[in-house]
Amino acid sequence: MAQPQVRKPVEGFFDNKKFLHPKFVANYGNWKCHDRPRPGVLHHVAHSGDEVWTVKCGTQRQMDHYTIRKLCDIVDQYAEGFMRFTIRSNCEIAVSSAAKVEPLIKALEDAGFPVGGTGNSVSMVAHTQGWLHCDIPGTDASGVVKSMMDHLIDEFKHERMPNRVKLSTSCCEINCGGQADIAVVVQYTKPPKINHDLVSAICERPTVVARCPVAAIRPTIVNGKPSLEVDERKCVCCGACYPPCPPMQINDPSSNKIAIWVGGKNSNARSKPTFHKLVAAGLPNNAPRWPEVNAAVGKILKAYQADGRAWERMSDWIDRIGWPAFFEKTGLPFTKYMIDDWRGGRVNLNASTHIRF
Amino acid sequence: MAKPLHPTPMLDELEKGPWPSFITGIKRLAKENDMAVDLLGQLEHSYETRMGYWKGGTLGVVGYGGGIIPRFSEIKNPDGSYKFPDAGEFHTLRVMPPAGMHYDTGTLRKLCDIWQKHGSGLIALHGQSGDIMFQGASSENVQKAFDEFNELGFDLGGAGPALRTSASCVGQARCEMSCFDEAKAHKLVINKFLDDLHRPALPYKFKFKFSGCPNDCTNAIQRSDFATIGTWRDNIRTDEAMAKKWVAKNGVTKLVNEVISMCPSRAIQLKDAGAVTQGDHISSVKVSDSQALEIDNKNCVRCMHCINVMTGGLQIGKDVGVTILIGGKSVLKIGATMGSVIVPFMPLKTEEDYEKYLDLAQRVMDFFAENALEHERTGEMIDRIGLANFLEGIEVDIDPNMINRPRMNPYTNMAGWDEEVAKAEGRKAAS
């Protein structure tokens, strides 16, 4: 019997030049400067004198093919056939004449794509897969993000923050959504519940033991079967054991909470890059609209907007005013869980008399 | 026409409000695709019970060991059949987008056609590592969809303990801050390590990211094991007409408060136009007839702030290249770590420069493959063995640019001091 024909894949990564707007190809590596004629629009000038206007619009990231085709239709009709996406799922559409900008903006807005996300605005949220597609999620990032962006859309469309604001949302403590000025991250509050009948069949026990950051997991025998046990006094409820061993169920609808972290910054501009810090936890995982998360994010943004100086990112603002003032201005309670006791954590204590009264 | 929709009162709440709704999008798919109908059913069940119901598995395409994320529904009827059968298998294909995530509409439409035909029609642009995520294929259709993507010139991304899909910023295509050809470096790296991408055999994941300047738009320092970030060695360039235009528009107060005072190394001063210092490392530009900015480039840390604010008036230098930082990663297991400097500056212009760069990448990958423990990222390995040992392993000389400050404890055996001093003098003589 003839074997079915197997197609051999063509492996490799191609040159991106054929996907670039012709002006991008012509001026590759030869740009001079840019400005923002209005929120949502970038205007780049090349040393050759060429000019390109980029209109930036938000998307829902998880797009049906109709949405992508709609974008393509608009790009073909009102722009010049080329677009790109940012890491925050914004679509950037280039045109080579200023006259095309306003009609393009109108077409995008009429089709429901908000135009904005440039400069000192609140950009779209970088986020994870959640209940829609992840195998270990504690929440649904797409839903949290949709409800947040419904609240923040005016700040997306305007440039009236001190500096750019980048948000992220992550469905578990692994934080695949990444570091951000404000990050919304699931926080577990109970150790995993172990289904001892399944551990020996599904989990490679030494691997699971090795995953625990606090050495709280030990091999054991339960009902005559090899299993694992957790020292719950040591457990930090991080969920690291769950991916390699799904019978160690970390998710629990009654105890999964949401935490908020602020001041992450990856740019080297002004201060060195820094990770985000815990400022709120214990918020309910309140699907489908997460109002408590929205309220907390709103408070933080309002305080930053009112008090931050031009060009200060969230972390720069807090560096200037200090943490006591941050908690005072946002009204968020300061709790003992914000005092770092992880290894090396004492460097985060104030070993000085620098105190603002 | 697809089968009727399940009732989704909770998801319907996410159709309200002005931001584009992914639920409305999936409902559009559900008019003609039963997978989308059952996806909504399963997702509504998740919203009701606040739990996820997907489990992984093993699934791939011929010749590859990774790139497909298998998902099987865990919501079953009492007889073991899927409660939402048309979403019972809902696998993702990770596909590498063009560098910088640039597209033409024709290509995007073809990708849509393939996914409409073989999958659910749901596409994420893009996943957090930078893949196009084609979400929702049956086991049977995974190979068919991949074959068509591959015919179009696209290849799968990474998954598991493998080289992962890379990301590069908009780059030289449209950015005046770009200090190297990100797309070229991106392409060369992926193509050099294709085997590690497609056939997972590393201790754990390994990510490269490429940012054209220290603004680091791909978040390379925090999100990649090997961050390649553009920088320059010579002086900041100036354009008097544009600098004057900026000050005429914004005023001297803003110049002081938003440019000069925010320089992290206090390398910028406002001077009387006649009193500007002359020297090889000084950039200066008149901002009015009487005043000028003076930048001490020896003390500039290339943070980008002043260039971001006065775009055009101040510009990156011409002697461009890259800084390489190694060891960035997220939380698991020791807490998030950033990449730290391994190569302060490396030119990346000539083919010879690229060869040297790729050789370094090879040495780092080889050392990681041989020395990291299972499920240990590069940053954790460096934490465990110490930077000096890592540098010896990858044959890179030490450099004071690698540290924030020297050690503050005496707990190391310094018996080899004289030998190390000789090495330091050798390095000095060689440079």
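Residues numbered from 1 in each chain as written. Chains lettered and ligands numbered in written order. Predicted model: local features only at pLDDT ≥ 70, side-chain atom pairs only at ≥ 80, totals over all residues.

(A) Expanded view of the overall build of chain A. On a plain count of helices and strands, chain A comes out with 9 helices and 15 strands. For the C-alpha atoms alone, the extent of chain A along its principal axes is close to 85 × 75 × 35 Å. Looking at the 357 residues of chain A, the share that counts as buried comes to 51%. Across chain A, contacts joining residues at least 24 apart in sequence account for 65% of those joining residues at least 6 apart. (Helix = DSSP H or I, 4+ residues; strand = E, 2+ residues; numbered from the N terminus. Buried ≥ 20, exposed ≤ 12 C-beta atoms within 10 Å, placed from the backbone. Contact = placed C-beta atoms within 7 Å.)

(B) Region of interest: the overall build of chain B. From N to C terminus, chain B includes 14 helices and 17 strands. If you line up chain B on its principal axes, its C-alpha atoms span 85 × 60 × 40 Å. By the burial criterion, 50% of the 431 residues in chain B qualify as buried. Long-range contacts, defined here as pairs at least 24 residues apart, represent 65% of the contacts in chain B between residues at least 6 apart.

(C) Geometry of the sheet that holds strand β15 (residues 277–284) of chain A. Residue and element names in this part refer to chain A. Judged by pairing direction, the sheet is mixed, and its 5 strands sit side by side in the order β7-β8-β9-β14-β15 without closing on themselves. A single partner strand is all that each edge strand has here, and the edge strands are β7 (126–127) and β15. Where β7 lies against strand β8 (residues 167–170), 2 bridges are found, and the strand directions are parallel. Each residue of the ladder has a partner; that of His127, found in β8, is Thr169. In the packing of helix α4 (residues 141–157) onto the sheet, the strands contacted are β7, β8 and β9 (182–187), and the crossing angle to β8 comes to about 150 degrees. Relative to β15, helix α7 (residues 291–307) is tilted by about 150 degrees, and along the sheet it contacts β9, β14 (257–262) and β15. (Pairing = 2+ DSSP bridges. Axes fitted to C-alpha atoms, helices over the stretch in contact; angles between N-to-C directions.)

(D) Spatial organisation of the interface of chain A and chain B. Listed as interface residues are 93 residues of chain A and, on the opposing side, 99 residues of chain B. Counting residues per element, the ones that place at least two in the side of chain A that touches chain B are β1 (31–38), β4 (62–64), α2 (65–78), β5 (82–85) and α4 of chain A. Of the residues forming the side of chain A that touches chain B, the biggest block, 8 residues, is contributed by α2 of chain A. Pairing of β4 of chain A with strand β6 (residues 122–125) of chain B, which is carried by 3 bridges, proceeds in the antiparallel orientation. Bridging from a neighbouring strand, Met63 of chain A pairs with Ile123 of chain B of β6 of chain B.

(E) Broad picture of the domain arrangement of chain A. Residues and elements named next belong to chain A. Split into domains, chain A comes out as domain 1 (17–110), domain 2 (126–188 + 253–340) and domain 3 (193–249). A separation of 28 Å is found between the C-alpha centroids of domain 1 and domain 2. Contacts between the two partners involve 8 residues from domain 1 and, on the opposite side, 9 residues from domain 2. (Domains from an automatic or database assignment.)

(F) Expanded view of the domain arrangement of chain B. All names here are of chain B. Domain boundaries in chain B define domain 1 (9–151), domain 2 (167–232 + 320–430) and domain 3 (237–315). Computed over C-alpha atoms, the centres of domain 1 and domain 2 are 35 Å apart. Facing 9 residues of domain 1, the contacting portion of domain 2 comprises 14 residues. Its residues placed into classes, the side of domain 1 that touches domain 2 shows 2 nonpolar, 7 polar and no charged. (Nonpolar A, V, L, I, M, F, W, Y, C, P; charged D, E, K, R; others polar.)

(G) How the structure looks around the sheet that holds strand β7 (residues 132–137) of chain B. Spatial strand order, β4(A)-β6(B)-β7(B)-β4(B)-β2(B): 5 strands in an open sheet with antiparallel pairing. If you trace the sheet from one side to the other, it starts and ends with β4 of chain A together with β2 (68–69) of chain B, each paired once. Both β6 of chain B and β7 of chain B contribute to a ladder of 4 bridges, which runs antiparallel. Bridging across to β7 of chain B, Ile123 of chain B finds its partner in Phe134 of chain B.

(H) Looking closely at the environment of Gly127 of chain B. Residues and elements named next belong to chain B. Among the secondary structure elements, Gly127 is positioned in the loop between β6 and β7. The exposure class assigned to Gly127 is buried, which follows from the 24 C-beta atoms found within 10 Å. Through-space distance from the C-alpha of Gly127 to that of Gly57 is 20 Å; in sequence the pair is 70 residues apart.

(I) Quick look at unusual backbone geometry. All names here are of chain A. A cis geometry characterises the amide bond from Ala287 onward to Pro288, with omega recorded as 5 degrees. With respect to the helices, strands and loops of the structure, Pro288 is situated in the loop between β15 and α7. For Ser89, which is not glycine, the phi torsion reads 65 degrees and is therefore positive. Positionally, Ser89 belongs in the loop between β5 and β6 (91–95). Judged by C-beta crowding, with 24 C-beta atoms within 10 Å, Ser89 ranks as buried.

(J) Quick peek at the packing of helix α2 (residues 22–30) of chain B against helix α3 (residues 34–49) of chain B. Residue and element names in this part refer to chain B. Packing of α2 against α3 brings their axes to within 7 Å, and their N-to-C directions diverge by 140 degrees. Relative to α3, the element α2 lies oblique. Contact with α2, carried on its side by Ile26, Lys27, Leu29 and Ala30, involves Ala36, Val37, Leu39 and Leu40 of α3 and no other residues of that element. A breakdown of the residues in the contact of α2 with α3 according to their chemical character gives 7 nonpolar, no polar and 1 charged. (Parallel < 35°, antiparallel > 145°, perpendicular 65-115°, else oblique.)

(K) Region of interest: the nonpolar core. Among the nonpolar cores identified, the biggest contains 215 residues, and Val55 and Ile260 of chain A together with Ile123 of chain B are the most heavily contacted of them. With near-sequence residues (within four places) excluded, Ile260 of chain A lies in contact with Ile182, Val184, Val279, Ala280, Ala296 and Val297 of chain A. (Core = buried A, V, L, I, M, F, W, Y, C linked by C-beta atoms within 7 Å.)

(L) Structural context of the pairing of strand β3 (residues 51–57) of chain A. Residues and elements named next belong to chain A. Burial of β3 is extensive: 6 of the 7 residues sit out of reach of the surface. Bridging between strand β2 (residues 41–46) and β3 involves 5 bridges; their strand directions are antiparallel. Looking at β3, one finds that His44 is bridged to Val52. The turn linking β2 back onto β3 is made up of 4 residues, and Gly49 within it adopts a positive phi angle of 95 degrees. Taken together, the 5 bridges between β3 and β6 define a ladder with antiparallel strand orientation. Following the sheet pairing, Val55 is matched in β6 by Ile93.

(M) Representation of the pairing of strand β16 (residues 320–326) of chain B in the model. Residues and elements named next belong to chain B. Most of β16 is tucked away, with 7 of its 7 residues classed as buried. Where strand β10 (residues 226–232) meets β16, 7 bridges bridge the pair, whose relative direction is antiparallel. Of the residues in β16, the one forming a bridge with Trp232 is Val320.

(N) Spatial organisation of helix α3 (residues 101–110) of chain A. All names here are of chain A. Considered for burial, the residues of α3 that qualify are Val101, Leu104, Ile105 and Leu108. Within α3, the buried residues cover an arc of 100 degrees as seen down the axis, which keeps them to one side. As for α3, its buried residues are in contact with β2, β3, α2 and β6. Positive phi appears at Gly112, one or two residues downstream of α3, with a value of about 95 degrees. (Arc of directions from axis to C-beta.)

(O) Spatial organisation of the environment of Gly153 of chain B. All names here are of chain B. Among the secondary structure elements, Gly153 is positioned in the loop between α5 (139–151) and β8 (167–168). The partly exposed category is assigned to Gly153, around which 15 C-beta atoms lie within 10 Å. Taking the C-alpha atoms as reference, Gly153 lies 22 Å from Gln128; in sequence the two are 25 residues apart.

(P) Here's a closer look at helix α9 (residues 240–260) of chain B. Residue and element names in this part refer to chain B. An ideal rise of 1.5 Å per residue puts 30 Å on 21 residues; α9 reaches only 17 Å between its terminal C-alpha atoms. Taking the largest bend as the criterion, α9 deviates by roughly 105 degrees, centred on Gly251. Packing partners of the buried residues in α9 comprise β11 (237–238), β12 (268–272), β13 (282–286), β14 (291–296) and α10 (305–309). (Expected span 1.5 Å × (residues − 1). Bend = angle between axes of the 7 residues up to and from the residue.)

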